[in-house]
Amino acid sequence: DPEGRWQMVQALFNDGRLHAFTSVHKRNGSPMILEGDYKLLQDGAEQILGIIGIQQDVTESKRQREQVRSSILQLQKLTEKIPGIVFQVDVSPEDEIELKFLSESYQSKQFGVYREQLMEHPMLVIDQVSPKDYSTVLGSIIYASRNSTELDVEFRVQNKMGDEFWYRAKAKSEDKPDKGGKTWFGILDSVDAQKNYEKQQFKLAQIARSTSDLILVLNENGSLNWVNKAGAEFFNWNLREVIERPIQQLLQAEEKSGELSLLLQAIERQRNYEAKMQLRTHDDLCWLQIR
């Protein structure tokens, strides 16, 4: 590469120093990459007397770095469509932590640390955990690390405005046979939607338990999954005996009543139904509005 060599010589004479990589061939024809540091030697009158340089063969280390870079790019392409944050963390025998990989999806999450900052200082992510969950997260990490078990923990991240966002971290470790220590592979995913759903379900359950209406929840096969307190008391049901039983075995009416048959057919066909009918309690027949 005569043109490239001439540019290097010009740079050396202009700046007095040069750090460069050059591609050469050995006598057997195999390629080699040299990393060199060069400096002009000058006398007191700034006349150039010569050049001193140190070169080393970096072919293998360059190849390994390119392999790593290629693997990271490939991993980024594979993980860019995954909604969660994929990460790889290396822990040395001295407990030094290095974040080796963090998928691009991190950018879209509600963390208070930039991706570049986190790559440089991985422990910054712990500082973003809500004080309500800090000890839980730290304890889970220590336990999983000491016992070589899977890490699985849910926690809240709190931003500067005080808003909280729920996340779930799952990770597994592998021993590093060459240098010792461990490598953790994991995924961090938002569970805000799940937590909001659970919160709404909890509210509905509280309302259902306290209402005087009789509430029955059936599964897709028509068996009783849940009944509120008012329903169990009205029919005088022992919950251990009625849960998971088919509803047609539990509801009773007069033998000539056709309304109950229509209700059971609607349940079997998973259709809406509304009617007034008499159903038998433990000691009487009572009129009910069924929806």
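Residues numbered from 1 in each chain as written. Predicted model: local features only at pLDDT ≥ 70, side-chain atom pairs only at ≥ 80, totals over all residues. Heavy atoms only, no water.

Points about the packing of aromatic side chains
Part 1: Tallied over the entire structure, the rule returns 3 aromatic pairs.
Part 2: Between Phe 234 and Phe 235, the ring centres sit 5.1 Å apart and the planes meet at 90 degrees, which makes this aromatic pair edge-to-face.
Part 3: Among the aromatic residues, those joined into a ring-pair cluster are Phe 234, Phe 235 and Trp 237.
Part 4: Its end group placed over the ring of Phe 21, Lys 62 keeps NZ or CZ at 4.4 Å from the ring centre. (Phe/Tyr/Trp six-rings, centres within 6.5 Å; stacked < 30°, edge-to-face > 60°. Lys NZ or Arg CZ within 6 Å of the ring centre and 35° of its normal.)

Some thoughts on the sheet that holds strand β8 (residues 182-190)
Part 1: Pairing is antiparallel in the open sheet, where 5 strands are placed in the order β5-β4-β8-β7-β6. Pairing within the sheet leaves two strands with one partner each, and these edge strands are β5 (97-102) and β6 (151-158). Between one strand axis and the next, the sheet turns through 25 degrees on average, direction left out of account.
Part 2: Here β6 runs beside strand β7 (residues 164-175); their pairing, made up of 8 bridges, is antiparallel. Considered in β7, the bridge of Asp 152 is made with Lys 170.
Part 3: Sitting on the sheet, helix α5 (residues 134-147) touches β6 and β8, and the angle it makes with β6 is about 155 degrees.
Part 4: Taken strand by strand, helix α6 (residues 192-210) contacts β6, β7 and β8, and its axis lies near 125 degrees from that of β7. (Pairing = 2+ DSSP bridges. Helix = DSSP H or I, 4+ residues; strand = E, 2+ residues; numbered from the N terminus. Axes fitted to C-alpha atoms, helices over the stretch in contact; angles between N-to-C directions. Contact = heavy atoms within 4.5 Å.)

Comments concerning a nonpolar patch on the surface
Part 1: Together, Trp 6, Val 9, Phe 13, Ile 48 and Ile 51 line one region of the surface with nonpolar side chains, adding up to about 480 Å² of accessible area.
Part 2: No other element matches the 3 residues that helix α1 (residues 2-15) contributes to the nonpolar patch.
Part 3: Positionally, Phe 13 belongs in helix α1. (Patch = residues over 30% accessible without salt bridge, like charges linked within 9 Å, V, L, I, M, F, W, Y side chains within 5 Å. Areas by Shrake-Rupley, 256 points an atom, 1.4 Å probe, with all protein chains shown as cover. Salt bridge = Lys/Arg side-chain N within 4 Å of Asp/Glu carboxyl O.)

Observations regarding helix α9 (residues 259-268)
Part 1: Listed in full, the buried residues belonging to α9 are Leu 260, Leu 263 and Ala 266. Seen from one end, α9 has its buried residues packed into an arc of 120 degrees, which puts them on one side.
Part 2: Of the surrounding elements, those touching the buried residues of α9 are β11 (275-280) and β12 (285-290).
Part 3: Just downstream of α9, Gln 270 is the residue with a positive phi angle, here 55 degrees. (Buried < 20%, exposed > 50% of the residue type's maximum accessible area, 1.4 Å probe, protein only. Arc of directions from axis to C-beta.)

Let's talk about the pattern of salt bridges
Part 1: Following the criterion strictly, the structure yields 11 salt bridges and no others.
Part 2: Among the salt bridges present, the one from Lys 195 reaches Glu 198, with a minimum N-O distance of 3.7 Å. Linking Lys 195 with Glu 198, this pair stays in helix α6, spanning 3 residues, or about one helical turn.
Part 3: Note on Lys 195: relative accessible area 17%, which makes it buried.

Remarks on the nonpolar core
Part 1: Counting 24 residues, the largest nonpolar core has Phe 155 and Leu 188 as its most contacted members.
Part 2: Counting residues per element, the ones that place at least two in this core are β4 (85-91), β5, α5, β6, β7 and β8.
Part 3: Counting 17 residues, the second largest nonpolar core, distinct from the first, contains Leu 224, Phe 235, Ile 247 and Ala 253. (Core = buried A, V, L, I, M, F, W, Y, C linked by side-chain atoms within 4.5 Å.)

Focus: the pairing of β7
Part 1: Between the end of β6 and the start of β7, which pair antiparallel, lie 5 residues, with Gly 162 showing a positive phi angle near 90 degrees.
Part 2: Pairing geometry for β7 and β8, over 9 bridges, is antiparallel. Among the inter-strand pairings, Ala 169 is bridged to a residue of β8, identified as Leu 188.
Part 3: What sits between the antiparallel neighbours β7 and β8 is a turn of 6 residues, in which Gly 180 has the positive phi angle 80 degrees.

Some words on the pairing of strand β2 (residues 31-42)
Part 1: Relative to β2, strand β1 (residues 17-25) is paired through 9 bridges, and the arrangement is antiparallel. In the strand pairing of β2, Ala 20 is matched with Gly 36.
Part 2: Between the end of β1 and the start of β2, which pair antiparallel, lie 5 residues, with Gly 29 showing a positive phi angle near 95 degrees.
Part 3: Between β2 and strand β3 (residues 48-57), which pair antiparallel in sequence order, lie 5 residues; one of them, Glu 46, sits at a positive phi of approximately 60 degrees.

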